[in-house]
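# Survey of secondary and tertiary structure
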Amino acid sequence: MNIIKIIPATDDKRVIYKLTKSKSTSVKDLEPGSVITPVRYCIFVDTNSKGEENTVLCIEDSSGETFSTISKTFARDFEEVAALMKDEAYQIKVINGTTKAGRPFVTCELVCD
């Protein structure tokens, strides 16, 4: 495992473990429209059971629950929101859809209401 970044940065081993090794809810299993209030996130590279490397995004919300995904689309959109909001509190909404090829995908957007 290779940690790319943890925001906000920390050296606390319990936090690092929680974001990289603990069980978390897969973002793709959340109901469409689910809202997450991020307080911390981590991006890391991990190897799955088939020996394939995946870049993983894990988000910790305000209740302490963690949500993870290997979706490049979700990670890209999440990082855009996180960079925009910086140190301000914010929420994201999970968006599910289907590609033109008929494949399901998941992404997110900033809650603005």
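Overview of the structure. (Residues numbered from 1 in each chain as written. Predicted model: local features only at pLDDT ≥ 70, side-chain atom pairs only at ≥ 80, totals over all residues. Heavy atoms only, no water.)

### Re the sheet that holds strand β7 (residues 92-98)
Spelled out, the test is: Strand pairing follows a simple DSSP-based rule, namely that at least 2 bridges must link the two strands. Helix and strand definitions here come from DSSP, where helices need a minimum of 4 consecutive H or I residues and strands a minimum of 2 consecutive E residues; each element is numbered from the N-terminal end. Contacts are residue-level and defined by heavy atoms, with any inter-residue pair within 4.5 Å sufficient. Lines are fitted to the C-alpha atoms to define the axes, a helix being fitted only along its stretch in contact, and any angle between axes, read from their N-to-C directions, falls within 0 to 180 degrees.
If you trace the three strands from one edge of the open sheet to the other, you get β3-β7-β8, paired in antiparallel fashion. Looking at the sheet topology across the chains shown, the edges are occupied by β3 (35-36) and β8 (104-110). Across the sheet, helix α2 (residues 72-85) is in contact with β7 and β8; its angle to β8 comes to roughly 5 degrees.

### Concerning the pattern of salt bridges
The criterion, for reference: For salt bridges, the criterion is a side-chain nitrogen of Lys or Arg within 4 Å of an Asp or Glu carboxyl oxygen. The classification of residues rests on relative accessible area computed with a 1.4 Å probe and restricted to protein chains. Under 20% of the type maximum is buried, over 50% is exposed, and intermediate values are partly exposed.
All told, the structure shown has six salt bridges when counted by the stated rule. Where R14 meets D12, a salt bridge forms, and the shortest distance between an N and an O atom there is 3.8 Å. A salt bridge links E60 to K18, with the nearest nitrogen and oxygen atoms 3.3 Å apart. Within this pair, whereas E60 is found in strand β5 (residues 53-61), its partner K18 is found in helix α1 (residues 13-20), the two being separated by 42 residues in sequence. Residue classification places E60 among the buried positions, given a relative accessible area of 13%. Relative accessible area serves as the criterion here: at 25%, K18 is assigned to the partly exposed category. Taken together, the shared-partner salt bridges connect K18, R40 and E60 into one network.

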